[in-house]
Amino acid sequence: MLSNENKKYLRKLSQDYRALIQIGKDGLSENLYNTLDDSLEAHELVKCKLLKTSPIETREAAIECAGATGSEIVHIIGHTFVLYRRSKENKLGLKK
């Protein structure tokens, strides 16, 4: 579980990121989870955006995606949420 200090640091980092994952009218699918899983391993911090056509709410999507990928929710704002999962290399250098 992330500490408040780490969450604050990750929120600051994610401000400059573009959304790598967009969730549209198809909602959440196995293919989306696989893509998100690969993105988390490559980048550790991934920003996801729900399009207006998405049939699911932002908070619900964040919880489902975090559960399916073993990641943690860093931030939810508007139609955007940020997920974090430490990779094998620990690229961002966060302590446990």
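Right above here is the structure, for reference.
Criteria and thresholds
Residues numbered from 1 in each chain as written. Predicted model: local features only at pLDDT ≥ 70, side-chain atom pairs only at ≥ 80, totals over all residues. Heavy atoms only, no water. Helix = DSSP H or I, 4+ residues; strand = E, 2+ residues; numbered from the N terminus. Buried < 20%, exposed > 50% of the residue type's maximum accessible area, 1.4 Å probe, protein only. Contact = heavy atoms within 4.5 Å. Salt bridge = Lys/Arg side-chain N within 4 Å of Asp/Glu carboxyl O. Core = buried A, V, L, I, M, F, W, Y, C linked by side-chain atoms within 4.5 Å. Pairing = 2+ DSSP bridges. Axes fitted to C-alpha atoms, helices over the stretch in contact; angles between N-to-C directions. Parallel < 35°, antiparallel > 145°, perpendicular 65-115°, else oblique. Left-handed = near helix turned anticlockwise from the far one by under 90°. Nonpolar A, V, L, I, M, F, W, Y, C, P; charged D, E, K, R; others polar.

### Quick look at the environment of Gly 27
Alright, step 1. Among the secondary structure elements, Gly 27 is positioned in the loop between β1 (21-23) and α2 (30-43).
Alright, step 2. Since its relative accessible area comes to 11%, Gly 27 is described here as buried.
Alright, step 3. Apart from residues lying up to four places away in sequence, Gly 27 is in contact with Leu 32 and Pro 55.

### Details of the pattern of salt bridges
Alright, step 1. Inspection of every chain in the model, using the stated rule, returns 3 salt bridges.
Alright, step 2. Taking the shortest distance from any N to any O, the salt bridge between Glu 41 and Arg 85 comes out at 3.8 Å. One end of the pair, Glu 41, is in helix α2; the other, Arg 85, is in the segment after β4 (80-84), with 44 residues separating them in the sequence.
Alright, step 3. We classify Arg 85 as buried; its relative accessible area is 16%.
Alright, step 4. Glu 89 serves as the salt-bridge partner of Lys 91, at 4.0 Å between the closest nitrogen and oxygen.

### Looking at the nonpolar core
Alright, step 1. Ile 21, Ile 23, Leu 36, Cys 65, Phe 81 and Leu 83 are the most contacted members of the largest nonpolar core, which totals 16 residues.
Alright, step 2. Taken together, the elements giving at least two residues each to this core come down to β1, α2, β2 (45-50), α3 (58-69) and β4.
Alright, step 3. When sequence neighbours within four positions are dropped, the list of residues in contact with Leu 83 reads Leu 36, Leu 40, Glu 44, Leu 45, Val 46, Ala 62, Cys 65, Ala 66, Ser 71, Glu 72, Ile 73 and Val 74.
Alright, step 4. Core analysis: the second largest hydrophobic core is formed by 7 residues, Leu 10, Leu 45, Val 74 and Tyr 84 among them.

### Overview of the pairing of β4
Alright, step 1. The buried fraction of β4 amounts to 5 of the 5 residues, a majority that puts the element mostly inside the structure.
Alright, step 2. Pairing between β2 and β4: 5 bridges, direction antiparallel. Each residue of the ladder has a partner; that of Lys 49, found in β4, is Thr 80.
Alright, step 3. Note: strand β3 (residues 72-77) against β4, 5 bridges, orientation antiparallel. Its bridge partner being in β4, Ile 77 is matched across the sheet by Thr 80.

### Some remarks on the sheet that holds β3
Whenever strands of a sheet pair, they do so through backbone hydrogen bonds, lying parallel or antiparallel.
Alright, step 1. Here 4 strands make up an open sheet; going across it, the order is β1-β2-β4-β3 and the pairing mixed. Of all strands in the sheet, those bounded by a partner on one side alone are β1 and β3. The sheet shows a mean angle of 25° between the axes of neighbouring strands, taken without regard to direction.
Alright, step 2. The strands touched by helix α1 (residues 4-14) are β2, β3 and β4; relative to β3, the strand with the most contacts, the crossing angle is about 55°.

### Quick notes on the packing of α2 against α3
Pairs of packed helices are described in terms of their axes, by the angle between the two and the distance that separates them.
Alright, step 1. It is at 10 Å that the axes of α2 and α3 come closest, and there the two elements cross at 70°. By the angle class used here, α2 and α3 are roughly perpendicular. Pair α2 / α3 crosses with right-handed handedness. Seen from α2, the contacting residues are Leu 32, Tyr 33, Leu 36, Asp 37 and Leu 40; seen from α3, they are Glu 64, Cys 65, Ala 68 and Thr 69.
Alright, step 2. Among the residues making up the contact of α2 with α3, the classes are represented as 6 nonpolar, 1 polar and 2 charged.

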